[in-house]
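Close look at the chain arrangement
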Amino acid sequence: MESFNVRNFYHIQRQKIVIILLVLFCTGKVSGQALNKQFYDYDRFIHFGFTIGFNYSSIKYDFNPKYWPNHQNPADTVLRVSTQGTAGFTLGAVCDLHLGKPKGFIRDHFDLRLIPTLCLTERDFYFTMKDNSTVTKQIESAFVDAPLLLKMKSDRFGNLRFYVIGGAEYSYDLSSTAGAAVNPANPKISIYPNNFAYQFGTGLDMYFPFFKFSPEIKISQGLNNVLVPSNTVYSNIFSRFRSNFIYFSLYFEG
């Protein structure tokens, strides 16, 4: 995926998101005199919804001191390494559990959320070789995410409520090439399918007459090493990979 196309993609999608937010916010202001869905947060034990959004993914890496930067391996042909994250797409379902007793403080301010999500993304590595040529290696991923998050909500201000969110996430990469045979003519950088991370973020609940809309930004930091060891010039200079994400999500909950 070329960086020019990625920038255009983000520019177009950002304009659409801003327009959607302005329309919804203005609609909320027009109907702001009425308290929409006033029993939403404590008259049900559980509710559902869906989410769509975008992500920006990157890989945080550590070099293998045996190969980099001291170049102790005579066969080492890599001079420089850089990486670039790209735009991705997310689509998921929402299962929200209201905690505590009805009309109590806990029920009104804390939710437990399970959000199974399909996350499509790509990470690019650029290697500058000793002959000054550049080699690009792509890591394409299709993650099935299962984050379990605690949502902590402020008091409600009319039809608005701010919140922070945090918790743990397990992801499985359906596109992982771990265990696949290495093509000597075109070796890949492979990652393990299992990924564990912690997440934190913030958002805004906007109550409308028939649904609740919530824009949210969230950060995911990988915990485990997902690099598959491989005796190739593109993999053996690294000792550790961790997958990191920034998510911008739009939630629609009934």
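See above for the structure.
**Examining the side chain of Lys 212**
Along the chain, the position of Lys 212 falls in strand β9 (residues 212-222). Judged by relative accessible area, which is 0%, Lys 212 ranks as buried. Lys 212 has contacts with Tyr 40, His 47, Lys 151, Asp 205, Met 206, Tyr 207, Tyr 251, Phe 252 and Glu 253, leaving out every residue within four places of it along the chain.

**Here's the deal with the pattern of salt bridges**
Tallied over the full model, the rule gives 10 salt bridges. Ionic pairing is found between Arg 113 and Asp 96, a salt bridge with its closest N-O pair at 2.6 Å. With Arg 113 in strand β4 (residues 110-114) and Asp 96 in strand β3 (residues 87-98), this pair connects stretches of sequence that are 17 residues apart. For the residue pair Arg 113 and Asp 96, the accessibility class agrees, reading buried in each case. Residue Lys 212 is joined to Asp 205 by a salt bridge in which the shortest nitrogen-to-oxygen separation is 3.6 Å.

**Some points on unusual backbone geometry**
The phi dihedral of Lys 37 falls on the positive side, at around 45 degrees, and the residue is not glycine. Considering the arrangement of structural elements, one finds Lys 37 in the loop between α1 (3-30) and β1 (46-63). In this structure, Lys 103 is a non-glycine residue whose phi angle is positive, near 65 degrees. Position of Lys 103 among the secondary structure elements: in the loop between β3 and α2 (105-109). We classify Lys 103 as exposed; its relative accessible area is 67%.

**Details of the nonpolar core**
Core analysis: the largest hydrophobic core is formed by 15 residues, its most contacted members being Val 81, Phe 125, Phe 127, Ile 139, Ile 189, Phe 238 and Phe 241. Sorting the residues of this core by element identifies β2 (78-85), β5 (117-129) and β10 (238-253) as the ones contributing at least two each. In terms of residue count, β5 provides more of this core than any other element does, three residues in total. Not counting residues within four places of it along the chain, the set of residues in contact with Ile 189 comprises Phe 125, Phe 127, Lys 137, Ile 139, Leu 227, Tyr 234, Ser 235 and Phe 241. Judged by nonpolar contacts, the second largest core, of six residues, contains Ile 115, Tyr 163, Ile 165 and Tyr 251.

**Concerning the pairing of β5**
Within β5, 10 of the 13 residues are buried, leaving the element largely enclosed by the surrounding structure. Bridge analysis of β2 against β5 gives seven bridges, and the strand direction is antiparallel. Looking at β5, one finds that Thr 83 is bridged to Phe 125. Of the strand pairs in this sheet, β3 and β5 are connected by four bridges, and their pairing is antiparallel. Its bridge partner lying in β5, Thr 90 is registered against Cys 119. Here β5 runs beside strand β6 (residues 134-153); their pairing, made up of 12 bridges, is antiparallel.

**Observations regarding the packing of aromatic side chains**
Scanning the model with the defined rule gives 22 aromatic pairs in all. Here Tyr 40 and Tyr 207 contribute two aromatic rings whose centre-to-centre distance is 5.9 Å and whose plane-to-plane angle is 80 degrees, an arrangement assigned as edge-to-face. Here Tyr 207 lies in strand β8 (residues 194-207) and Tyr 40 lies in the loop between α1 and β1, a separation of 167 residues in the sequence. Both residues of the pair, Tyr 40 and Tyr 207, count as buried. Taken together, the aromatic side chains of Tyr 61, Phe 63, Phe 125, Phe 127, Tyr 234, Phe 238 and Phe 241 make up a single cluster linked through ring pairs. Its end group placed over the ring of Tyr 40, Arg 44 keeps NZ or CZ at 4.7 Å from the ring centre. A cation over a ring is seen here: Lys 151 above Tyr 163, with NZ or CZ 4.2 Å from the ring centre.

**Things to note about the environment of Asp 131**
When you line up the elements, Asp 131 lands in the loop between β5 and β6. Measuring from C-alpha to C-alpha, the distance between Asp 131 and Val 78 comes to 9.2 Å, with 53 residues separating the pair along the chain. Among the polar contacts listed, one links the side chain of Asp 131 to the side chain of Ser 133, at a separation of 2.6 Å.

Definitions and cut-offs
- Residues numbered from 1 in each chain as written.
- Predicted model: local features only at pLDDT ≥ 70, side-chain atom pairs only at ≥ 80, totals over all residues.
- Heavy atoms only, no water.
- Helix = DSSP H or I, 4+ residues; strand = E, 2+ residues; numbered from the N terminus.
- Buried < 20%, exposed > 50% of the residue type's maximum accessible area, 1.4 Å probe, protein only.
- Contact = heavy atoms within 4.5 Å.
- Salt bridge = Lys/Arg side-chain N within 4 Å of Asp/Glu carboxyl O.
- Core = buried A, V, L, I, M, F, W, Y, C linked by side-chain atoms within 4.5 Å.
- Pairing = 2+ DSSP bridges.
- Phe/Tyr/Trp six-rings, centres within 6.5 Å; stacked < 30°, edge-to-face > 60°.
- Lys NZ or Arg CZ within 6 Å of the ring centre and 35° of its normal.
- Polar contact = N/O pair within 3.5 Å; in protein donor to acceptor, adjacent residues only side chain to side chain.

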